[in-house]
Each structure stands twice: as structure tokens, then as C-alpha cells.
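Notes for the structure review
Listed below are the residues making up each chain.
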Amino acid sequence: MMAKIVIIIPTYNERENIEKMIEVLEEQIFPQIKNHKMEILIVDDNSPDGTAEVVREKMKRYSGIELSLGEKKGLGAAYKRGMRYAMEKMKADAVVEFDADFQHDPAYIIDLVKKFDEGYDHVIGSRFAKGGSIPSNWSLYRKFLTKYGGLFSRTVLFFPNINRVRDVSTGLKLTRVKGVLEKINFERVGDGFFYKTQILYQLVNLGVKITEIPIRFKIREKGESKISSQEVLRTFLGVIELRLTDPKMLRFIKFGIVGFVGYLVNASTLFLFANILHFAEWLSWALSTELAIISNFTWNNIWTFKEVEIRGFKNIIKKFFQFNGTSIGALLIQTTAGTLGVKILGPSFRQILLPFIIIFLVIPYNYTMYNVFIWKTWKIPFLSKK
Ligand code: GDD
Ligand code: MN
């Protein structure tokens, strides 16, 4: 199918570069992409060097070039404006993020489009995929920042799957509009350089088809870089915030807090039953565990899973029994491990054993059961078919 692909080029004082870039795209690159309609959108922030005038000259010669002028607020602001313009006014089917300064070889656009044709939603021009590179004469500082800053971002955002995306800060990528870019919440995308990580994180969470193609990032020949290293450093706090405010992470944190309260209930009643009332070992573990289960069910229902809260007396009773059903697993795990542990290590280890059993056995088990069977927030294909 013939698609309209808009190359979005943000510019700030790129007079010299943009003139040549438009020519190269129109004369050498677009003629090689015959199955799509290729257009250009220049997003200029009223560059004092008169970049816009040069663009207007080119618009007289070539069709399919548009210019969006605005206030300078940063690279993210420029791209947000450009992406909206490309979607709404130009009716783009895909957009390409591209620099004016020839640090990206324009021929890579052909590679991006090929992957789009193969059905990918988001194609990343990656400096860290096999065959890609960063300029060898970059300063050690910049090399370090790009590589290890990137590793830090990937770890915080995608752990344990840190190789899901290898280049999180590249400036070259293609994004499909339908079902992909149109679904991005631009209110959660900032005005600065960090915009790209915020969009990428949303795309990964949307579960779109992502791939990387290797690119060799060149040095800038004309003009100068506009992105300050201060802005790049801001990324460090940004990724942590991004991950912590993710709804999925918030839910897990709440689950953790509820679990900790459950632990306190469990530990104090275990002490009461075993040390003060001298119940049998197994009975002390079983009773205190059941009390923790009741606490967990209540708090998780009204807080952790409040978006899908179970309501109504009948429903709550039904679910509470089901919850106890899945908790029998936890009860068995905990009672067996606790009783065995005390047998092996002695009663003085009773309170030390409990947190270990909870963290390594009970938490993973419970979180899975809650999300799959109780509040059903994880859809497991073969289970939800029924
Ligand atoms: N409209 C607008 N407004 N354009 C801007 C702004 C802005 O505030 N800041 C930068 N640009 C334009 C530049 O004119 C250029 O066309 C493009 O965005 C890239 O800016 P550079 O100043 O050349 O950035 P860089 O080379 O330091 O960074 C590039 O590589 C990074 C990876 O190392 C960019 O591609 C980054 O996006 C990328 O992360
Ligand atoms: Mn550049």
C-alpha cells in the first residue's frame, strides 16, 4: 500500500545544511523510494540565521515540503509540534525523525522504509546495533556518556530485558502513525532532549513492533550542536522518574507495601501464638499466615487494585474464597518452608526465616496469582480464551 511518509527535520540555525539536505533528499533519496509518497516537514524555531528563507526558496522548486514555524522551546517541543502537524495537516502514515546536519547519512531513510514495509511500527537507527558506530574522534566524555548513559537508561527502563532496545538516544527513527504514534500521550512528553526516551518508553509499553537497523553516526561538518550536555545529564533523573511513575510499577510498589503490612501482621501474631500462647509449631504458622492473608486481600482490593476493585458483598465473599484458594499455595509454601527451616536451623531462626520465605517464595507467587486469577490484570492468552 502506498503510504505517505513525512521526514521531520527540526532546525535551528541550519541555513547551510538544510539547503543541501533538501536537495539530496529530493534528488537522490526520494527517487529511490518508489512505492511511497515522501514529503518533508521542516520544524524551525525562527532561526536568526534565516533558515526559513532558504526553506521557502526550496518550497518553490519542490512540492511536498512544508514549514512549521514556532517559538524555540527545545528539541522535544519542536518534535511534538512537528509530529502533530505531520499527523493532522499532512495526514502522514509514518514519520521519520531526522537531523539537518548530515550526521545521519540520508540513505538510511531507505533502510528505515524497508523495515516499515516489512511491517515494523518503530524502526530505530541504532549506533549500537552490530555494524553501527559513533564517531571515533568524539571526546572520551561524550563517548562515555552516550554508551554508559544509554546502558543506565536501558537498565532502569527495561530491566531485566535490557537489550530490548540498544540505542535509546539516537536521533534517527521511523514511527508508524496508525495505532502507534497516534496513541502516544503527548502530555507525558517533555519539551527537551528527553522527549525521545519518553516516547520510546510509551512505545515499548504499548507493545508495538520495534526493530533496529545499524547506523554509523558521523561528525557534524557545518554549524554547531545545539544540545547541551546539561540537558543530556537530566536524562538520568528522568529515566528513574519515568520508571517509578509507570502505573505497573506503582501497582507493584503498593503490592509491596501491602505485603509488608501483611508481614507485620504475620510476624506479630506468629510471636503471639508460638511464644506466648505456646501453640504447636504448624498451628502457629498456619494461623498467623491466614491473618496476613485477610489483611492482604482487604488492602490490595481497596488500594493496589482499586481500578478493578471487587465490590458487592457476594462478589467479595466469592473472591475472598478464591483468594484463599490461591493463598493455600502460599500457606503451604510458607508453612512447609517455615516448619522445615525451624527443624533444621532451630527455633531461634524463626523470625529471621520469615522475611526470606516471603521475599523469595511468597511474593513472586502471590503477585502472579493476583494479576492472573484474582484481579485479572494480566491477560494470559491460553487462560483468557476460555
Ligand atoms: N527546531 C528546533 N529547535 N530544532 C532544534 C533544536 C530546537 O530547540 N535543537 C536542535 N535542533 C535541531 C538541529 O538544528 C539539528 O537539525 C537537529 O535538531 C539535531 O541537533 P544537533 O544540535 O545537531 O544535535 P546533536 O548532533 O548534538 O545530537 C544528535 O545526536 C544525538 C545522539 O548523540 C541528535 O540527533 C540527537 O537527537 C541525538 O540524541
Ligand atoms: Mn548534530
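Placed above this text is the structure.
Scope of this entry: the structure provided in the associated data block. Computed from a predicted structure; not experimentally measured.

What follows concerns the coordination of the manganese ion (ligand 2). Taken together, the protein ligands of the manganese ion (ligand 2) are Asp101 (OD) and Gln103 (OE1), with distances of 1.9 Å. Asp101 gets classed as buried once you look at its relative accessible area, which sits at 5%. Taking the relative accessible area as the measure of exposure, Gln103 reaches 9% and is therefore buried.

Running from amino to carboxyl end, helix H8 (residues 247-276) crosses helix H9 (residues 281-304) at an angle of 155°, the nearest separation of the two axes being 8 Å. What the angle tells us is that H8 and H9 run roughly antiparallel. Handedness of the crossing formed by H8 with H9: right-handed. The residue makeup of the contact of H8 with H9, split by class, is 14 nonpolar, eleven polar and two charged.

Now for helix H2 (residues 51-61). Those residues of H2 that fall on the buried side of the exposure criterion are Thr51, Ala52, Val54, Val55 and Lys58. Looking straight down H2, one finds that the buried residues subtend no more than 155° of arc, so they occupy a single side. Summarising the geometry of H2, the exposed residues directed more than 90 degrees from the buried face are Glu53 and Lys60. Of the surrounding secondary structure, the elements contacted by the buried residues of H2 are strand S1 (4-11), helix H1 (15-29), strand S2 (37-44) and strand S3 (65-69).

Moving on, we get to the pairing of strand S5 (residues 122-126). Most of S5 sits out of view: five of its five residues are buried. Neither face of S5 is exposed, since His122, Ile124 and Ser126 on one face and Val123 and Gly125 on the opposite face are all buried. Summarising the sheet, S5 and strand S6 (residues 173-176) pair through three bridges and their orientation is antiparallel. Looking at S6, one finds that His122 is bridged to Thr175. Sheet topology places S5 next to strand S7 (residues 210-214); five bridges connect them, and they run parallel. Across the sheet, residue Ile124 finds its bridge partner in S7, namely Glu212.

With that settled, the discussion passes to the packing of aromatic side chains. Counted under the stated rule, the structure contains 22 aromatic pairs. Centre to centre, the rings of Phe152 and Phe236 are 5.1 Å apart; their planes meet at 35°, and the pair counts as tilted. Separated by 84 residues along the polypeptide, Phe152 in helix H5 (residues 140-158) and Phe236 in helix H7 (residues 229-244) bring together distant segments of the chain. According to the relative accessible area criterion, Phe152 is partly exposed, its value standing at 29%. Aromatic pair Tyr367 and Trp378: ring centres 5.6 Å apart, planes at 85°, arrangement edge-to-face.

Empty space among the atoms can be located by rolling a probe the size of a water molecule over them. Empty space within the largest pocket amounts to approximately 960 Å³. Considering the residues around the largest pocket, the lining is formed by 45 residues, among which Leu75, Arg142, Phe193, Ser225 and Ile227 are closest to the centre. Where the lining of the largest pocket is concerned, the elements lending two or more residues are S1, helix H3 (75-88), H5, helix H6 (195-206) and H7. The greatest single-element share of the lining of the largest pocket, amounting to seven residues, is contributed by H5. In the lining of the largest pocket, the residues fall into 17 nonpolar, 17 polar and eleven charged. Every residue lining the second largest pocket is counted, 21 residues in all, and those nearest its centre are Asn205, Arg243, Asp246, Lys248 and Met249. Of all the elements in the fold, those that place two or more residues in the lining of the second largest pocket are H5, H6, H8 and helix H11 (350-374). Element by element, the count of residues in the lining of the second largest pocket is highest for H8, at five residues. Taken together, the residues that form the lining of the second largest pocket break down as twelve nonpolar, four polar and five charged. Lining the lining of the second largest pocket are residues from two domains, each supplying at least three of them: domain 1 (4-245) and domain 2 (248-383).

Quick notes on the rules
Residues numbered from 1 in each chain as written. Chains lettered and ligands numbered in written order. Predicted model: local features only at pLDDT ≥ 70, side-chain atom pairs only at ≥ 80, totals over all residues. Heavy atoms only, no water. Donors = N, O, S within 2.8 Å, 3.2 Å for Na, K, Ca; no water. Buried < 20%, exposed > 50% of the residue type's maximum accessible area, 1.4 Å probe, protein only. Axes fitted to C-alpha atoms, helices over the stretch in contact; angles between N-to-C directions. Helix = DSSP H or I, 4+ residues; strand = E, 2+ residues; numbered from the N terminus. Parallel < 35°, antiparallel > 145°, perpendicular 65-115°, else oblique. Left-handed = near helix turned anticlockwise from the far one by under 90°. Nonpolar A, V, L, I, M, F, W, Y, C, P; charged D, E, K, R; others polar. Arc of directions from axis to C-beta. Contact = heavy atoms within 4.5 Å. Pairing = 2+ DSSP bridges. Phe/Tyr/Trp six-rings, centres within 6.5 Å; stacked < 30°, edge-to-face > 60°. 1 Å grid on protein atoms, 1.4 Å probe; cavity = no way out; pocket = protein on both sides within 12 Å on 5 of 7 lines; lining within 4 Å. Points joined across faces, edges and corners; volume = space filled by probe spheres on them. Domains from an automatic or database assignment.

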